[in-house]
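Letter by letter, the chains look like this.
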Amino acid sequence: MFKLAKPFFIALGLTVLSVTALPVTALAEEPEWRHATALTGTPKYPRDFKRFDYANPDAPKGGLVRQATSNSFDTFNPILQKGSPTAGLNLIYETLMTSSLDELDISAAYGQIALETRYPKDYSWVEFRLNPKARWHDGQPITAEDVIWSFEKAIEHNQGQRAYYHNVTKAEVLATDVVRFTFDGPDNRELPHIMGQVLVLPKHWWEGTNAKGEQRSIGKSTLEIPLGSGPYRMKEFVAGRSVTYERVPDYWGKDLPVTIGHYNFDQIRYDVYLDQTVLVEAFKGDQYDFRTENSAKNWATQYKFKAAEEGKVIQEAFDDKASGAMQAFVLNLRLDKFKDPRVRRALNLAFDFEALAETIFFGQYQRTGSYFAGTELAASDVPTGLELEILEGVRGEVPEQLFSEPYTNPVGGSPRNVRNNLHEAVKLLKEAGWVLKSGKLVNAKTGEPFTIEFVDNSPSTERIALPYQSALKRIGIEMTLRIVDTSQYINRIRSRDFEMTTLGWGQSLSPGNEQREYWGSVAADSNSSRNYAGIKNPAIDKLIDRVIFAKDRAELVAATKALDRVLLWNNYMVPQWYVAKTRTVRWNRFSHPENLPEYNHGFPHIWWYDEEKARKTGLAR
C-alpha cells in the first residue's frame, strides 16, 4: 500500500523559504506545467483553446437517447475484477485527463479533473495539479487524497490495473491539489500519459455509510446508486435490466474546453438484451435508438424494413481511422497439444476464409494479416531499415524465415487451394508428432486423439464454426462446439478454462504498456490479463519494451512492426477478419456537428436530440 507523503517542503527536508531564497539552478530545472500532453509531437490545441474544433457549442440540450447492451450487470463498483459493472459508468466518473477525437496522436490528453500536469525530460515521474472547481455531485471538492486513494484501491482490487500500473513505485499527495506518481525507471514516455487515465472516485462516499447506516466498501460489489462527479448522475435502474442517467445541470465541468458541445442529452438509458436475435429485433421495433452492427449478414439483410425505407432509420458506416485490431480463433497455449507452432499453422491452413467471404460475409471483410490490421503499424513485406535493426537484436530467438519472407495467411476459396492447404496441414501435423489412423488424428507416441472444444456465447458463431469443424474433420481433428451463456463464458475465459474461442484486441495508433497485458510473459499467468492465449516468449517481451521505450514516432512504428511480425510468425492464433469501418444504424431523431472528428463518430457525446426529426420519425417510447 502506498503511503501519503508529508507536505512536500517537509518531505524534502527543506526550510520554508521565500521563492527568491531558493537556488536559481534548482528553479531552472523544474519542468514546466502543461495544459496537455502528447506521446509524440505537440498537442493540437493550445493552452487557451476554447473547445475542440468538432464540437458544436450551440448544440441544444434535451431529449432521451436509448442504447442497448448484451451484457447484464450486477454491480455499480467500477474497479472490481469480478462482477459485471453496468454500462455508462463513464458518464458519472471522470479521469485526470481526457483525449480529443481529431488527433492522429490519440494519446494527446487535456485537463479534466487535472488542471495541468508536468514531468521531467526523463519521464521518471509525473505530477497533476487539480482543477479547483472540480466537485462531486454532493458539492464536496475533489481532492488529491481522492486521487491517490482511487489509484491505491484500483491496484489493490484489480489485477489488470495492478499490471497496467506496475511501473509506479510511489503515489503521494504533495499538496491539497497536487499529486505525484514516481516510476521505477526513466525513459518510458507513456507513463505520464497513462497516469492521466486514473479513474477518480470519492473516498468520503465509499468510506461512509448508506441510508441504512451500513458501512460501504470499495472492495465489495454494490447496487447502491453511486456518487460521481461527471456530466451525468444515475437516476434509476432495474437490476440486471436497465439503467438511466440524467444530465447534471450544475455540473462543475460544463464550461471546460474539453466539455463544451458535449453531453447534450437530458437522459441516457441502457437496456439489456441477452439474446443477439432479440437485440436486433428490439432495434427494429423502436425499443432503442442507436446500434453498432458487427454482423455482415445483419448489415446486408436486416435493415430494409419499412421504417428504413421511409427514412425513419438511418444506416451509416463511418471510417475507422483511429484503431487497428486482431480478431482470431484463439488457442489456449497452456495446453500441450497447441505448444508446437507447426500444429498452430496447420489449424490456420484448415481455415478457408475465402469461402466464408463469398458465402456469408457479403464481401464486407478482409482477412486479418496483422495484430494491428488497418493501420500504419502493421508489418508488411520483409523487414528493412530500423525495423530490421530492431529484429537483429532478437535474431536466434525468433523464426528465421521472418527476415526473408513476408508473413501470409493461407488462401482457400477453390477446391484445389483447399486440398493443397489440407495436405500441407497433415504434413506439418505429422512433423509435430500427430498421425492419421482410421481417419482420426492421434498422437504417434500416446495414441491420444486430437480433439478441440470450441466455446462461445453466441449461437451465430455456428455459421463460422461449423464449416471450420467440417474442414478439421477432413484432417482427422474432431472439433465440438459448445455455446454457453454470457456469464459462464466470461468465467471460463477468465479462468482459462477453454481450448479454442474467438476473441479480439483493439489497438490504438500509439501502442504502449497495454502490450504487456496482451502478449507479455508475466501476463500469461494472470487470469485478469488479456493474454488469453498464454503467450510466453522472451523475444516478444524485449520487443514490447522497445515499443514502450520508443523515443519518437519513427521508432514506435518500427518497433511495433517488429513486434507484429514476430507475433505473426509464431502462429499463436488463427487470424479471422476485419472491416475498416464502424457500421451503425439509428432512428432518425438526432443530429451531429457538420464536421465529425476524423477518428471517431462521437455518438452520443457530441450529438444532440433533434426535435424536428423526432416529430417526423415519431417520439421514442
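Quick caveat, the model's predicted, so the values are computed rather than measured.

Asker: In this structure, what is going on with the overall build of the protein? I would like to understand it.
Answerer: Check the secondary structure of the protein and you find 19 helices and 27 strands. Relative to a compact globule of 621 residues, whose C-alpha radius of gyration would be 25 Å, the protein shows 26 Å and is just as compact. C-alpha extents for the protein along the principal axes are approximately 85 × 65 × 50 Å. Expressed as a percentage of its 621 residues, the buried residues of the protein come to 53%. Restricting to contacts in the protein with at least 6 residues of sequence separation, those with at least 24 account for 72%. Entry remark: accessible area of the protein is about 28,000 Å², with carbon and sulfur atoms responsible for 50%.

Asker: Where do I start with the sheet that holds strand S25 (residues 581-587) in this structure?
Answerer: Think of a sheet as strands paired side by side through backbone hydrogen bonds, with each pair either parallel or antiparallel. Pairing in this open sheet of 3 strands is antiparallel, and the strands run S14-S25-S15 from one edge to the other. Edge strands, defined here as strands with exactly one partner in the open sheet, are strand S14 (290-292) and strand S15 (313-319). Taken over all neighbouring pairs, the strand axes of this sheet differ in orientation by 20° on average, direction set aside. Sheet topology note: the S15/S25 ladder contains 7 bridges and is antiparallel.

Asker: Honestly, the packing of helix H12 (residues 385-392) against helix H18 (residues 553-569) in this entry has me stumped. Any pointers?
Answerer: Interhelical geometry of H12 versus H18 gives an angle of 55° and a closest axis separation of 8 Å. When the axes of H12 and H18 are compared, the pair comes out oblique. Handedness of the crossing formed by H12 with H18: right-handed. Where H12 approaches H18, its residues Leu386, Glu387, Ile390 and Leu391 are matched on the opposing element by Ala554, Glu555, Ala558, Ala559, Lys561, Ala562, Arg565 and Val566. Each residue belonging to the contact of H12 with H18 can be placed in one class, and the counts come to 8 nonpolar, no polar and 4 charged.

Asker: Hey, could you run me through the nonpolar core in this one?
Answerer: With 82 residues, the main nonpolar core has Tyr468, Trp519 and Met573 as its most contacted residues. With 10 residues, H18 is the single largest residue contributor to this core. Not counting residues up to four positions away in its chain, the partners in contact with Trp519 are Tyr371, Trp505, Gln507, Asn531, Ile535, Ile540, Asp541, Ile544, Leu563, Leu567 and Met573.

Asker: Whenever I open this one, H12 confuses me. Can you help?
Answerer: Count 3.6 residues to each turn of an α-helix, and residues three or four apart come out pointing the same way. Regarding H12, the residues found buried are Glu387, Ile390 and Leu391. Viewed end-on, H12 has its buried residues packed into an arc of 95°, placing them on one side of the element. Turned more than 90 degrees away from the buried face of H12 sit Gly385 and Glu389, all of them exposed. If you follow the buried residues of H12, they end up packed against helix H17 (538-548) and H18.

Asker: Looking at this structure, how should I read the sheet that holds strand S7 (residues 125-130)?
Answerer: Ordered in space as S6-S7-S9-S8, the 4 strands form an open sheet in which the pairing is antiparallel. One side of each edge strand has no neighbouring strand; the edge strands of this open sheet are strand S6 (114-118) and strand S8 (168-175). This sheet shows a mean twist of 20° between the axes of neighbouring strands, independent of strand direction. Relative to S7, S6 is paired through 4 bridges, and the arrangement is antiparallel. Its bridge partner lying in S7, Thr117 is registered against Phe128. Packing of helix H3 (residues 144-157) onto the sheet brings it into contact with S7, S8 and strand S9 (178-183), and relative to S8 it is tilted by some 165°.

Asker: Would you mind showing me how to read the confidence of the model for the protein here?
Answerer: The predicted coordinates of low-pLDDT regions are not to be read in fine detail. Averaged over all residues, the pLDDT of the protein is 92; the fraction at 70 or higher stands at 95%. Counting contacts from residues 1-28, a segment whose pLDDT is below 50, to residues more than four positions away or on other chains yields 25 contacts.

Asker: Would you mind showing me how to read the environment of Glu354 here?
Answerer: Here Glu354 lies in helix H11 (residues 353-359). Between the alpha carbons of Glu354 and Leu568 there is a distance of 19 Å; along the sequence they are 214 residues apart.

Asker: So what exactly am I meant to see when it comes to the pattern of salt bridges here?
Answerer: Note that side chains of opposite charge can pair when their charged atoms are close. Using the criterion set out here, one finds 38 salt bridges in the structure. Put simply, Lys254 and Asp255 hold a salt bridge, and the shortest N to O gap is 3.4 Å. A residue is classified by how much of its surface remains accessible, and Lys254, at 42% relative accessible area, is partly exposed. In this structure, Lys542 engages Glu397 in a salt bridge whose closest nitrogen and oxygen atoms are separated by 2.8 Å. Of this pair, Lys542 sits in helix H17 while Glu397 sits in the loop between H12 and helix H13 (415-431), placing them 145 residues apart in sequence. On the accessibility criterion, Glu397 (35% relative accessible area) is partly exposed. One network of salt bridges, with partners in common, ties together Glu30, Arg118, Glu127 and Arg180.

Asker: What is the right way to read the packing of helix H10 (residues 341-349) against H13 from this model?
Answerer: Look at H10 against H13: their axes get within 8 Å of each other, and the N-to-C directions meet at 165°. Regarding the angle of H10 to H13, the classification is roughly antiparallel. For H10 against H13, the interelement crossing comes out left-handed. Residues Arg342, Val343, Arg345, Ala346 and Leu349 of H10 lie in contact with H13, whose contacting residues are Asn421, Glu424, Ala425, Leu428, Leu429 and Glu431. Taken together, the residues of the contact of H10 with H13 break down into 6 nonpolar, 1 polar and 4 charged.

Asker: Would you mind going over the environment of Pro120 with me for this structure?
Answerer: Structurally, Pro120 is set in the loop between S6 and S7. Its relative accessible area of 15% is what places Pro120 among the buried residues. Here the alpha-carbon distance between Pro120 and Pro186, two residues 66 residues apart in the chain, equals 9.5 Å. In contact with Pro120, other than residues within four places in its own chain, are Pro31 and Trp125.

Asker: Help me out: how do you make sense of the packing of aromatic side chains in this one?
Answerer: Any pair of aromatic rings gets described here by the distance separating the centres and the angle formed by the planes. Overall, the coordinates contain 46 aromatic pairs when judged by the stated rule. With a centroid separation of 3.8 Å and an interplanar angle of 10°, the aromatic rings of Phe290 and Phe603 are classed as stacked. Of this pair, Phe290 sits in strand S14 while Phe603 sits in the loop between strand S26 (590-591) and strand S27 (608-609), placing them 313 residues apart in sequence. For Phe290, a relative accessible area of 7% corresponds to the buried category.

Asker: Teacher, can you tell me more about the side chain of Glu127 here?
Answerer: Of note, Glu127 is situated in strand S7. Under the relative-accessibility criterion, Glu127 is labelled buried at 2%. Among all residues touching Glu127, those that are not within four sequence positions of it are Trp33, Glu116, Thr117, Arg118, Leu174, Val178, Val179 and Arg180.

Cut-offs used in this document
- Residues numbered from 1 in each chain as written.
- Predicted model: local features only at pLDDT ≥ 70, side-chain atom pairs only at ≥ 80, totals over all residues.
- Heavy atoms only, no water.
- Helix = DSSP H or I, 4+ residues; strand = E, 2+ residues; numbered from the N terminus.
- Rg over C-alpha atoms; globule rule 2.2 N^0.38 Å.
- Buried < 20%, exposed > 50% of the residue type's maximum accessible area, 1.4 Å probe, protein only.
- Contact = heavy atoms within 4.5 Å.
- Areas by Shrake-Rupley, 256 points an atom, 1.4 Å probe, with all protein chains shown as cover.
- Pairing = 2+ DSSP bridges.
- Axes fitted to C-alpha atoms, helices over the stretch in contact; angles between N-to-C directions.
- Parallel < 35°, antiparallel > 145°, perpendicular 65-115°, else oblique.
- Left-handed = near helix turned anticlockwise from the far one by under 90°.
- Nonpolar A, V, L, I, M, F, W, Y, C, P; charged D, E, K, R; others polar.
- Core = buried A, V, L, I, M, F, W, Y, C linked by side-chain atoms within 4.5 Å.
- Arc of directions from axis to C-beta.
- pLDDT = per-residue confidence, 0-100.
- Salt bridge = Lys/Arg side-chain N within 4 Å of Asp/Glu carboxyl O.
- Phe/Tyr/Trp six-rings, centres within 6.5 Å; stacked < 30°, edge-to-face > 60°.

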